[in-house]
Amino acid sequence: MLTGSCYCGLVRFEVDDAFDYAFYCHCSRCRRRTGAACSAIGGIAIDKVNISAGREHLLKVDESEEGYRGLCDRCFSPLYDTVRGNTFAHVQLGALSEAPTRRPDHHIYVGSKAAWHRITDGLPQFEELPP
């Protein structure tokens, strides 16, 4: 089990250390949402994510039939997005207190990555999504 939290610590969560996949996303939305060159994300079934404290401070934005973005309503730290009709979570790996067993193993949306950022790790890169 891994633990995570927002920056201010108000919202805390637990997630099984059993991510199905992990990647770095370089899309312009992730850059703007995080303020970083890319976002490190781990994908897992939503039932393996548990809000352990501060559930009443979990702000759900961009809600749709597909999912929502979960943030702390005080510090606005991004914690996870729900996708695939709210059945899967894309957890922000930077919000975790421990290192997950599964590490990001590819980059997506490198066709729109920040011009000032160089990818030097040798992991597979995809212009958009992998085939």
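Residues numbered from 1 in each chain as written. Predicted model: local features only at pLDDT ≥ 70, side-chain atom pairs only at ≥ 80, totals over all residues. Heavy atoms only, no water.

1. Some words on the overall build of the chain
Now for step 1: Of the regular secondary structure elements, the chain holds 1 helix and 10 strands.
Now for step 2: When the elements of the chain are put in sequence order from the N terminus, they spell out β-β-β-α-β-β-β-β-β-β-β.
Now for step 3: For 131 residues, the compact-globule estimate of 2.2 N^0.38 gives 14 Å, and the chain sits close to it at 14 Å.
Now for step 4: Principal axes of the C-alpha set define a box for the chain whose edges measure 40 × 30 × 25 Å.
Now for step 5: Within the chain, the fraction of its 131 residues that count as buried is 42%.
Now for step 6: For the chain, contacts bridging at least 24 residues in sequence account for 53% of all contacts bridging at least 6.
Now for step 7: Of the roughly 7300 Å² of accessible surface on the chain, a fraction of 48% belongs to carbon and sulfur atoms.
Now for step 8: In the chain, the 15 positive side-chain charges and the 17 negative ones have mean positions that sit 6 Å from each other. (Helix = DSSP H or I, 4+ residues; strand = E, 2+ residues; numbered from the N terminus. Rg over C-alpha atoms; globule rule 2.2 N^0.38 Å. Buried < 20%, exposed > 50% of the residue type's maximum accessible area, 1.4 Å probe, protein only. Contact = heavy atoms within 4.5 Å. Areas by Shrake-Rupley, 256 points an atom, 1.4 Å probe, with all protein chains shown as cover. Lys, Arg positive; Asp, Glu negative; His and termini not counted. Charge placed at Lys NZ, Arg CZ, Asp CG, Glu CD.)

2. Regarding the sheet that holds strand S3 (residues 21-25)
Now for step 1: Taken together, 7 strands build an open sheet; the order of strands is S6-S7-S8-S9-S4-S3-S10 and the sheet is mixed. Each edge of the open sheet is held by one strand with a lone partner, namely strand S6 (58-61) and strand S10 (107-108). (Pairing = 2+ DSSP bridges.)

Scope: geometric values only; no functional claims are made or implied.
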